[in-house]
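What the coordinates show
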Amino acid sequence: MSLIVFSRMMSMIYYMFAVSYLYCRLLAPRKNIPHIFWVCCLMMIADPVVVFIDYEKTMYFHWICIMLPLIFLFRDSVYKRIICYITIYFTMMFCELMGFLLSCSILSLASGKIQVPNDLDGPQSLVALVCIIFAGTLVLRFLTPSLKKILLYVENSSVFLIGAPILFCTILHPPMEINQQPPYVAIPAYLFCYLFLHLGFQRIHSMEMLRQQREHQKTLMEKQLSYSRELEKEYQELRKWNHDIANHFLALSFLLESEKYQECETYITRLLEESHSE
């Protein structure tokens, strides 16, 4: 086994664990399935094995393989699972991009010439593997809470605008690799995909701003309700105090009319002592 094949196989194993982690964090598993994380990994175990056959010709299988847990292991709606798949696709692509940028930067500084992912030899591919794992772990650590929010407000048009370019690129990339077409051939198609992605993420951003605005309005309404309850409580206490004062005046008036001056003085003294004790 060459180091290049080994590094690719290990990267597939890492992605298998990363995708299983995201599934378990973003979706709700079926209640009768214990150890859902390891079951996800087991269902995708064929992915790193297929690397031994032909990495370039099995890229379709890779993206089909990670769909298996979505179909059989989780009880969320089909709509939410589709959104989750698209989200994970982008996350994994971003992790790989960050890993390659980091590894190529390190190798370029070490060799004194620019290195690109397609030109890496065996030892360099191991460096790329370590960088992908390192960058991917950091990305997943800080990005997962945001991914949970994305699943809350992405709707049909956003799914189409983002999902269509992903599907198109997934279908287009393997034939280009097999036929060894130069990258600039796909530039018009990628620009068209970028337009769709831009519109999709712009729509998601607008919906996020709307969600934040609604949360802010909800917070203001809760504060106003709390303030109204406090006013109502103070009003009830004031009414009670007024009622007590009226009773005291009535008692004093009765004592004065009865010329019971000593009892009246005692009553006033007791009221003053009670007010000071409070």
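Small disclaimer: the values here were computed from a predicted structure and weren't measured.

Rules used throughout
Residue numbers run consecutively from 1 along every chain, following the written order of its sequence. Totals for whole chains, interfaces and linings use all residues, but because this is a predicted model, local features are given only for residues with pLDDT of at least 70 and pairs of side-chain atoms are given and counted only at 80 or more. To get the side-chain values, take all heavy atoms of the structure and skip hydrogens and water. Secondary structure elements are taken from DSSP: a helix is a run of H or I of four residues or more, a strand is a run of E of two residues or more, and numbering for both begins at the N terminus. In this scheme, a residue with accessible area under 20% of its type's maximum is buried, one over 50% is exposed, and one in between is partly exposed, where area comes from a 1.4 Å probe on protein chains only. By definition in these notes, contact holds between two residues if any of their heavy atoms fall within 4.5 Å. The patches reported here contain residues having more than 30% relative accessible area and no salt bridge. Joining distances are 9 Å for like charges and 5 Å for nonpolar side chains (Val, Leu, Ile, Met, Phe, Trp, Tyr). Computed with the Shrake-Rupley method and a 1.4 Å probe, the accessible areas treat only the protein chains shown as cover for residues. Salt-bridge detection follows one rule: a side-chain nitrogen of Lys or Arg within 4 Å of a carboxyl oxygen of Asp or Glu. In this analysis an axis means a line fitted to C-alpha atoms, helices contributing only their contacting stretch, and an angle means the value between N-to-C directions, from 0 to 180 degrees. Note on angle classes: values under 35 degrees are labelled roughly parallel, values over 145 roughly antiparallel, values of 65 to 115 roughly perpendicular, and the remainder oblique. By convention the crossing between two helices is left-handed if the near helix lies anticlockwise of the far one by an angle smaller than a right angle, and right-handed if it lies clockwise. Nitrogen and oxygen atoms within 3.5 Å of one another constitute a polar contact, given that in protein one can donate a hydrogen and the other can accept it, and given that sequence-neighbouring residues count only through two side-chain atoms. By convention, a stacked pair of Phe, Tyr or Trp rings (six-membered ring in the case of Trp) has centres within 6.5 Å and planes under 30 degrees apart, an edge-to-face pair has planes over 60 apart, and any other such pair is tilted.

**Considering the overall build of the protein**
A count of helices and strands for the protein gives ten helices and zero strands. In the protein, the order of α-helices and β-strands from amino to carboxyl end is α-α-α-α-α-α-α-α-α-α. Counting over 278 residues, the protein shows a buried share of 33%. Restricting the contact set of the protein to residue pairs at least 6 apart, pairs at least 24 apart contribute 76%.

**Topic: a nonpolar patch on the surface**
A contiguous nonpolar patch, built from L102, I106, F134, L138 and F142 and spanning about 490 Å² of accessible area, is present on the exposed surface. It is helix α7 (residues 122-153) that provides the largest number of residues to the nonpolar patch, a total of three residues. On the secondary structure map, L138 appears in helix α7.

**Brief notes about the packing of helix α1 (residues 3-26) against helix α6 (residues 78-111)**
Interhelical geometry of α1 versus α6 gives an angle of 140 degrees and a closest axis separation of 11 Å. By the angle between their axes, α1 is oblique relative to α6. The two elements α1 and α6 meet at a crossing, and its hand is right-handed. Of the residues in α6, those touching α1 at Y15, A18, V19, L22, Y23 and L26 are K80, C84, Y85, I88, T91, M92 and E96.

**Some details on the side chain of T144**
Along the polypeptide, T144 turns up in helix α7. A polar atom in the side chain of T144 sits 2.5 Å from the backbone oxygen of L140. Those residues within four positions of T144 in sequence are excluded, and the remaining contacts are Y21, L22, R25, L26 and V139.

**Overview of the packing of aromatic side chains**
Evaluation of the coordinates by the stated rule reveals five aromatic pairs. Between Y14 and Y15, the aromatic rings sit 5.9 Å apart at their centres with planes inclined by 55 degrees, giving tilted as the arrangement. Here Y14 and Y15 have matching classes, each one buried. Pairing F17 with F37 gives two aromatic rings, centres 6.0 Å apart and planes at 25 degrees, and the pair type is stacked.

Everything listed here is a matter of geometry and, on its own, says nothing about what the molecule does.
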